[in-house]
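Here is what each chain is made of, one letter per residue.
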Amino acid sequence: MCYHGIGDTFTAAHKDLCSSSGQNLMCATEKDGSAFWFMTASKDASRAGQFFQKMGCELDHESYVASPKEFSKAPFTVYVAQQCLGDLVLVPRRSCHQVINSGGLTTKLSWSRMT
């Protein structure tokens with residue numbers, strides 16, 4: 001898949017289908033565009049699901065974007081990374097993750113792999 005995003009756009013919190021592993025390559029940017037990734041460990045999938053349910057959200061519906069403040073209250077570790085031009089982000093299977101774009105336009109290529 002190909003994603004185009006500009007600052008303050010996002011991909012809501014979710015888990016990839018069928019426990020696939022994700023790869024995401026930022027291949028073009030304008031005006032210092034980047035993306036901030038919020039991810040959980042695979043082992044925390046059920047705890048992440050419960051955390052979002054307590055906020056009235058279902059991860060599988062991909063309808064909610066958690067704020068950094070909300071993630072700071074999570075009862076599990078949330079890993080945060082900034083993806084810039086040329087960076088490849090590897091998403092572990094069953095990882096709950098969301099992306100917030102920052103700055104100018106970004107173009108990312110994404111693919112999933114089942115093992």
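Described below are features of the structure shown in this document. Being a predicted model, the structure only gives us computed values, none of them experimental. (Residues numbered from 1 in each chain as written. Predicted model: local features only at pLDDT ≥ 70, side-chain atom pairs only at ≥ 80, totals over all residues. Heavy atoms only, no water.)

1. Some thoughts on the sheet that holds strand β2 (residues 10–14)
Ordered by their spatial adjacency, four strands build an open sheet running β2-β7-β4-β5, and the pairing between neighbours is antiparallel. Looking along the sheet, the strands with just one partner apiece sit at the ends: β2 and β5 (78–83). Along the sheet, successive strands turn relative to each other by an average axial angle of 15°, direction set aside. (Pairing = 2+ DSSP bridges. Helix = DSSP H or I, 4+ residues; strand = E, 2+ residues; numbered from the N terminus. Axes fitted to C-alpha atoms, helices over the stretch in contact; angles between N-to-C directions.)

2. A closer look at the environment of Ser 110
Mapped onto the fold, Ser 110 is located in strand β8 (residues 106–113). C-alpha separation for the pair Ser 110 and Leu 25, spaced 85 residues apart in sequence, amounts to 6.4 Å. Excluding residues that lie within four positions of it along the chain, Ser 110 makes contacts with Met 1, Tyr 3, Gln 23 and Asn 24. (Contact = heavy atoms within 4.5 Å.)

3. Quick look at the state of the cysteines
Per the counting criterion, the structure on display carries zero disulfides. For Cys 2, which is in no disulfide, the shortest distance to another cysteine sulfur is to Cys 27 and amounts to 6.1 Å. (Disulfide = S-S within 2.5 Å.)

4. Some points on the sheet that holds strand β3 (residues 21–29)
Ordered in space as β1-β8-β3-β6, the four strands form an open sheet in which the pairing is antiparallel. Pairing within the sheet leaves two strands with one partner each, and these edge strands are β1 (2–5) and β6 (88–91). Adjacent strand axes in the sheet meet at a mean angle of 25° when their direction is disregarded. Note: β3 against β6, four bridges, orientation antiparallel. Among the inter-strand pairings, Gln 23 is bridged to a residue of β6, identified as Leu 90.

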